[in-house]
Structure formats: C-alpha cells, structure tokens
Amino acid sequence: MNWNFHRKVSFRARYAALLWALAGVFFVAPFSPAAFVFGAKEPAALPEKLGEPGAPRTSIFRSGVLETKEGLTLRLTADLGSVNITQIDAGSPPVVRYTVHVETDARGGAAAQLLNNYSLKTGTSASGVEIASPLFPQAAHYANAQFWVQFEIAVPRNYNVEVNTGAGDITTADIGGTALLKTQGGNIIAGRIGRPGFREISRGRPVARLDTEGGHIKVLDVLGDLTAFTAGGHINAGNITGDASLHSGGGHIRARQIGGRADLETAGGNIAVGQAASFVSVHTGGGQIDFGDVRGSVRAQTGGGGIHVMYVSGPMEVESNGGSICLTGASGAVQAATSGGSITAWINPNAPPGKGPVRLEASSQLTSGTGDIIVYLPRDLAVNIDALVANGTEQFIEADSALHLTMQGPPNGIGPVHAVASLNGGGAPLKLRTTGGKIRLQFLDAQVALRESLLREQEDRLNKRLVEAGLAPVSFLSSVGPGPANANPQPQVQPEPQKNSTDWLEDWINDLERRFRGSINEDPDDFLKRLTYHPYPTYPSLAQRAGIHGFVLLQVKATKDGHLEVLRVLQGEPVLVDAAIDAVKRWRAKPAWVKGKQCEVTSTVKFDFQLP
C-alpha cells in the first residue's frame, strides 16, 4: 500500500485568519474589563451564584502567592480534593501560587454558610510551604450536600512535593525534586520526577513514592528510585534510572526502562518490561509476563499466563502454572517450569575471552507437565544433556544427528524415555523433563528465521502494551543478544529544537496561533518529520475482497505528550477510514516548541489504499 502526506495549510491563510482574530480581540477587549485581571496575591473568597434560583452548584475560589526558595518542599494535606501541580515559568522568582475551587450542590443560605466557613490554612517555614484543608466543620449538619474541591498549585522548578488527599486525583507536570503523592481513591498521573544527580542527594530515599488505594498510576520518567502502590489499578512507568518497586492489587504493570533493581508484583494483571539493567523479580497471580532486553538476572512467576523473554544475560528462573514459555535469548543458567504449556528456548552463553567451547555457568533445567520442550543450542557448547519423557516412545525425543544421543526407551508400548549426550567434552548438566510432551534438540543455526520472527513478534507485543499505556515504544537491535550493556540507562528526553531565526514572521505567526488557538498548524511534509513512530495502516481484508480502494484524508492533532488524535474525517470510504484512524492513534510525534513552551500541532494526513 502506498501512502503519503497531503499539503493542506497555507501560510497566507494562517496569516489572514490570525489578523481577523486579532481584530476581534481588540474590538471586544474595551467592553470586557475582566479580560485582563491579575490573580489576587492574598487569600480571598469570591462566591459565585450564591442563592441563585435553579443553579446546580454554588462555588467559591481562594487563591494566593507565597514567597519561598528553590529546593524546599510543598506539603499539601486535604481531606477532600483533586490536585494539579505545575511549575512556575523559568526565571521567575521562587513562589508558590495556589488556587482552590470549592463547589457544593447545597442551595441558598445553606450553601453560603458552608462555603464561607471553608477552612484553608497556608503558611511558610524554613522547610517550605504548607497548605492544609480539612473537611467543612458544618458538613455533618447537611448530610445530603455534596462537595467538590480542586487545587491548582504552581511551584518552583526544583521544588519537592508532598501531597496527601483523602479523595481525588493527583496530576503533576515535571517535578525537579522528590515527589510523595498519596490519595485514598483517585488516580496519580505524573510527568518527569527528579533531575540529574538527584538520586545521590536523596540519600537512599526514593525520588518518587506514589500511593493510591484504588486508582491508576502513570509516571513518565524518574531520575532515581521509584516506589508505587495501588490497591487495584494499573501502574505505567516510563524510564526509571534507579530501583523500581511497583505493586498492584490486580492491575497491569508496564515499565519502559529500569536502570536498577526491579520488584514488580500484581495479583492478577499482566507485566511488561521493555529494558532492564539489573536484577528483575516479577510475580503475577495469573497474567502474562513479557520481557525485552534484561542485562541482569530474572526471577519471574505467573499463576497461569505465558512468559515471553527476548534476551537475558544473567541467570534466569521462570515459572508458570500452565502457560507457555518462550526464551529467544538466554546467556546464563536457565530454570524454567510450566505445569502444562510448552517451552521453547534458545540457549547461547557468552563466548569466553580465549578460544574454546562456550559453557553454561551452572546447571540448567527445563520442565513441563504435558507440553513440548524445544531447545536450540550452539554447536560449540560444552554440556551434558539429560532428557526424559515420563510417558512416551523413542519418537518422543528428537535431536540433530550430530548430537549423538544415547536413547533408552520402553521395550513395548509407552513408558519412560531417557536420552543422554556429552557435547564437546561435556560440561554443566542441561536437564529436560516432560511428563507427556515431546523433546526436540536442534542447533541455533537450524532455525535462524524462526528466531528472528519470534523476536519481531515479541518486540511488537511489548511496544503495543507500552503504547497502550501512553509510553514511548522501545527500539531493540535487529538481533538481540550478547553485547555491551548500559549499566545505568538514562531517560530519553527530547531537547527543545533550535529555531530558524531568519524566518521571524513565521515564528511570530506560530506564537500568535499558540496564544489564541492553543496549537499551531503545520504543513503535512513538515508534520511527517515530527513523527517518531508511525506503523502503516493494515488494508482491511473485507475491503480488498469487495474491491474498495481510494484515498483517506484525515485532520489530526499531535498533543503535547506525543500522542495523536483524529479531529475529523475529510475524505474516504468508511471501511478504509477505520483502518487509517486505528493506525494514526498508535503514532507518536515529537512535541512542538514555540517561545520556549510546548504546544499542540494540527495537520492533515492522506493515505492511498491501492489494490494489489
């Protein structure tokens, strides 16, 4: 299928549209005194709709500005309320700005009495800023009234943040210091936490500790250690340079990259890790386990799901209560067991410094209750092979003739089948055990295409799970295997691109678009260069059988976090449109920067579906 991008937005049209927008603003502004009102610097209660007949809710705002210093701590304690933490502009004096929006569905005088007695305590100290908000003292007298509280707080760029709310979501932009975020029932969504070198400054404490009694947790990057717990939601983490301790009562756990030790546990969800540089311990009550590239050792256990691993350099212990196990690259000793699934393993220890055969570091064993065991070995491996099928015939054990297996089977009917071999002078034992399945032994070079296919399949599976969680996909080497490892991988953060100072009018137009529309328009050809991940749409088989073909034209938007949204369909057959939209939703793009700030980008995308 051929596809390309269609140029739709012209610079002249953008210029004219913005001039009309400016004219409208300057015409209306004199008649709108509230258009340019600065926030109050002292706490103030501003009732809205008090006692208005038929008003669904009554609300007040309280706001203020507290002077502070860089590197201190915001401590917010609230019995009720959602919290949104942002950063003040770079170069601004260090202050903490806060706004609290309180609403109730009580009516008339009852609403006024409740809101006017809302308690908000603020203060500063040598350690930072404290904000406290207990429940309404009079709430018990109005049992049928409901309350909604929203905190909007801006802190200095290198501030520490401690938030504890009884009920409500917690959302933060990037935090330059540590983050301790706790809610008894809401979601936690955080940007980048910490800064280079901050792990040592934290003196053994986790840079980020996220805790919710039931919501989901998502954090992009943590420059240091991360501890996260949820009683039942999902945990999605981007790049963690330190240790990671992630525990869920039943949701999925997905991590893009972990630089230190990893301890991941869920009562029943799936676990997926793109890259890890140290020891990884995972446990799920019944979900699927997926690993990409682990430059350390692995201990993995699932109550019933499958286990798929691309490459592990150290010792590996994996166990499933019934799922299949697939190991496409194992350099260390392997202990793998499943009660009913199959086991497929490529065992390839690292080559020794000098010449000579490669060797297993220790004894290895693969065990399946009723499933098959298929093992691929290098021709220069020095090993003692011991294979046993509890119930079978001699045909249940197959091997390359160069392995020279010595076979012992039942004289009549079905029974134990035992085979042994000493390869390249022998070495550490490799034991293969299955009750009723088959055992097959081959050399690595016998199924190169199969291994490459499984590697691509596993990479696609991992990246699909990461992208579904709102994380960036991981790029692996075309052939994952032994090689130099980065002992402490760093988060991959896109720097702000350098602007072309010669086109000042284009920059001015972009800045105006950002201010008035919240986004900028971009030519499709330039938009194509912004994409970092853009898989092709799949031509629907139904459309091919029906002979449906043609163009699909979509208007799309790249958000600040790199996701793409489809704004509207401009052209195309419905069955082809659905395929194109499904592909675009999986795309990712670099953010746009205008005047030092990220903004959204809109453009058009054109696909050409052609029958073969």
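Look above for the structure.
Conventions used here
- Residues numbered from 1 in each chain as written.
- Predicted model: local features only at pLDDT ≥ 70, side-chain atom pairs only at ≥ 80, totals over all residues.
- Heavy atoms only, no water.
- Core = buried A, V, L, I, M, F, W, Y, C linked by side-chain atoms within 4.5 Å.
- Buried < 20%, exposed > 50% of the residue type's maximum accessible area, 1.4 Å probe, protein only.
- Helix = DSSP H or I, 4+ residues; strand = E, 2+ residues; numbered from the N terminus.
- Contact = heavy atoms within 4.5 Å.
- Pairing = 2+ DSSP bridges.
- Expected span 1.5 Å × (residues − 1).
- Salt bridge = Lys/Arg side-chain N within 4 Å of Asp/Glu carboxyl O.
- Phe/Tyr/Trp six-rings, centres within 6.5 Å; stacked < 30°, edge-to-face > 60°.
- Lys NZ or Arg CZ within 6 Å of the ring centre and 35° of its normal.

Peer 1: Explain the nonpolar core here, please?
Peer 2: Side chains of a nonpolar character, in soluble globular proteins, are inclined to be buried together. F151, I153 and F291 are the most contacted members of the largest nonpolar core, which has 95 residues in total. Ranked by the residues each element gives to this core, the list is headed by strand β32 (residues 381-392), at 5 residues. Setting aside anything within four residues of it in sequence, one finds I153 in contact with L74, L76, N84, I85, T86, V96, R97, Y98 and I131. With 26 residues, the next largest nonpolar core counts F527, L564, V601 and V605 among its residues.

Peer 1: Teacher, can you tell me more about the pairing of strand β41 (residues 564-571) here?
Peer 2: On a regular strand, one side chain projects to one face of the sheet and the next to the other, so that they alternate. Pairing analysis gives 6 bridges linking strand β40 (residues 550-558) to β41, with the strands arranged antiparallel. The residue of β41 that forms the bridge with K557 is E565. Counted between consecutive antiparallel strands, the loop separating β40 from β41 contains 5 residues, among which G562 sits at a positive phi close to 95°.

Peer 1: Where do I start with the side chain of N463 in this structure?
Peer 2: Examined against the element boundaries, N463 turns out to sit in helix α4 (residues 448-468). Excluding anything up to four places from it in sequence, N463 contacts P473 and V474.

Peer 1: Just to check I follow, could you spell out α4 for this structure?
Peer 2: Count 3.6 residues to each turn of an α-helix, and residues three or four apart come out pointing the same way. Compared with an ideal rise of 1.5 Å per residue, which puts 21 residues at 30 Å, α4 spans 30 Å between its outermost C-alpha atoms and is within 8% of the ideal. Downstream of α4 by one or two residues, G470 has phi in the positive range, about 80°.

Peer 1: Help me understand the pattern of salt bridges in this model?
Peer 2: Close approach of charged atoms allows side chains with opposite charge to pair. Taken as a whole and judged by the stated rule, the model has 12 salt bridges. R299 is the partner of E317 in a salt bridge, and the nearest nitrogen-oxygen pair spans 3.8 Å. Within this pair, whereas E317 is found in strand β25 (residues 316-320), its partner R299 is found in strand β23 (residues 298-302), the two being separated by 18 residues in sequence. For R461, the salt bridge goes to E457, with nearest N and O atoms at 3.0 Å. You can see R461 and its partner E457 sitting in helix α4, 4 residues apart, about one turn around the helix. According to the relative accessible area criterion, E457 is partly exposed, its value standing at 41%. It is possible to trace a salt-bridge network through shared partners that takes in D290, E457, R461 and R465.

Peer 1: Honestly, helix α8 (residues 574-584) in this entry has me stumped. Any pointers?
Peer 2: Of the residues making up α8, those classed as buried are L576, V577, A579, A580, I581, A583 and V584. Close packing links the buried residues of α8 with α7 (541-546), β40, β41 and β44 (597-609).

Peer 1: What should I look at first to understand the packing of aromatic side chains in this one?
Peer 2: Aromatic rings in a pair are described by how distant their centres are and how their planes are angled relative to each other. Under the definition given, this model contains 3 aromatic pairs. Note on W346 and Y376: the rings are 4.3 Å apart at their centroids and 15° apart in plane angle, and the pair reads as stacked. Taken together, the residues W346 in strand β28 (residues 343-347) and Y376 in strand β31 (residues 373-377) connect sequence positions 30 residues apart. Ring geometry for Y539 and F609: centres 5.3 Å apart, planes at 85°, overall edge-to-face. Taken together, the positions of Y539 in the loop between β39 (531-533) and α7 and F609 in strand β44 put the pair 70 residues apart, joining distant regions of the chain. Summarising the burial analysis for this pair, Y539 and F609 share the class buried. Here the guanidinium or amino end of K438 rests over the ring plane of F396, the centre of that ring lying 5.7 Å away. Across from the ring centre of F551, 4.2 Å away, lies the NZ or CZ of K606, which sits over that ring.

Peer 1: Any chance you could explain unusual backbone geometry here in plain terms?
Peer 2: Phi is mostly negative for residues that are not glycine, and the peptide bonds are mostly trans. Positive phi, close to 55°, is recorded for H404, a residue that is not glycine. With respect to the helices and strands, the residue H404 is situated in the loop between β33 (397-399) and β34 (406-408). A relative accessible area of 62% means that H404 is categorised as exposed. With a phi close to 55°, N424 is a non-glycine residue in the positive phi region. Topologically, N424 is positioned in the loop between β35 (415-423) and β36 (429-434). Exposure remark for N424: the relative accessible area of 39% places this residue in the partly exposed category.

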